[in-house]
Amino acid sequence: MNIVQRISCIFGKHHRNRHSVWHDGTSFRGVCKGCRVQMVRDFHGWHVLGAEDQAAEKPAA
């Protein structure tokens, strides 16, 4: 976890970890650098997923 990023997460500014991104067949998904919350990319950029959208998990490598 990145401590500086964790402070930004408290204020709602999440940034995805580039090394955690995967494609689930329909969209790109990843996790936040600071708080490890799941994120998804759409036409407007990266967004934190709601509880109902967090069904997909990263496949084991």
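Before reading on, note that the structure itself is shown above.
Treat the numbers as computed from the prediction; the structure is a model and nothing was measured.

About the criteria used
- Residues numbered from 1 in each chain as written.
- Predicted model: local features only at pLDDT ≥ 70, side-chain atom pairs only at ≥ 80, totals over all residues.
- Heavy atoms only, no water.
- Pairing = 2+ DSSP bridges.
- Helix = DSSP H or I, 4+ residues; strand = E, 2+ residues; numbered from the N terminus.
- Polar contact = N/O pair within 3.5 Å; in protein donor to acceptor, adjacent residues only side chain to side chain.
- Buried < 20%, exposed > 50% of the residue type's maximum accessible area, 1.4 Å probe, protein only.
- Contact = heavy atoms within 4.5 Å.

**Student:** Explain the pairing of strand β3 (residues 38-42) to me, please; I cannot follow it from the model alone.
**Tutor:** Residues in a regular strand project their side chains so that they alternate between the two faces of the sheet. As paired elements, strand β2 (residues 28-31) and β3 share three bridges and run antiparallel to each other. Residue pairing for β3: R29 is matched across the bridge by V40. Counted between consecutive antiparallel strands, the loop separating β2 from β3 contains six residues, among which R36 sits at a positive phi close to 65°. Here β3 folds back onto strand β4 (residues 45-48) in antiparallel fashion, the turn holding two residues.

**Student:** For this particular structure, what's the right way to read the pairing of β4?
**Tutor:** Here β3 pairs with β4 via four bridges, running antiparallel. The residue bridging V40 from the neighbouring strand is H47, located in β4.

**Student:** Any chance you could explain the side chain of S20 here in plain terms?
**Tutor:** Its place among the elements puts S20 in the loop between α1 (3-10) and β1 (22-23). A polar side-chain atom of S20 sits 3.1 Å from the main-chain amide nitrogen of V31.

**Student:** Whenever I open this one, the environment of C35 confuses me. Can you help?
**Tutor:** Looking at the element boundaries, C35 is found in the loop between β2 and β3. When its relative accessible area of 24% is taken as the criterion, C35 is described as partly exposed. Setting aside residues no more than four positions away along its own chain, C35 makes contact with R6, C9 and H14.

**Student:** Would you mind going over the side chain of Q5 with me for this structure?
**Tutor:** With respect to the element layout, Q5 can be found in helix α1. A relative accessible area of 9% places Q5 in the buried class. There is a polar contact of 2.9 Å between the side chain of Q5 and the backbone oxygen of K13. When sequence neighbours within four positions are dropped, the list of residues in contact with Q5 reads K13, H14, H15, C32, K33 and G34.

**Student:** Could you clarify how one ought to interpret the sheet that holds β2 in this entry?
**Tutor:** Two pairing modes exist for strands in a sheet, parallel and antiparallel, and in both the strands are linked by backbone hydrogen bonds. On the basis of which strands lie adjacent, the open sheet formed by four strands has the order β1-β2-β3-β4 and antiparallel pairing. Two strands bound the open sheet, and with one partner strand each, they are β1 and β4. Pairing between β1 and β2: two bridges, direction antiparallel. Across the sheet, H23 pairs through a bridge with F28, a residue of β2.

As far as function goes, none of this settles anything; it's purely spatial.
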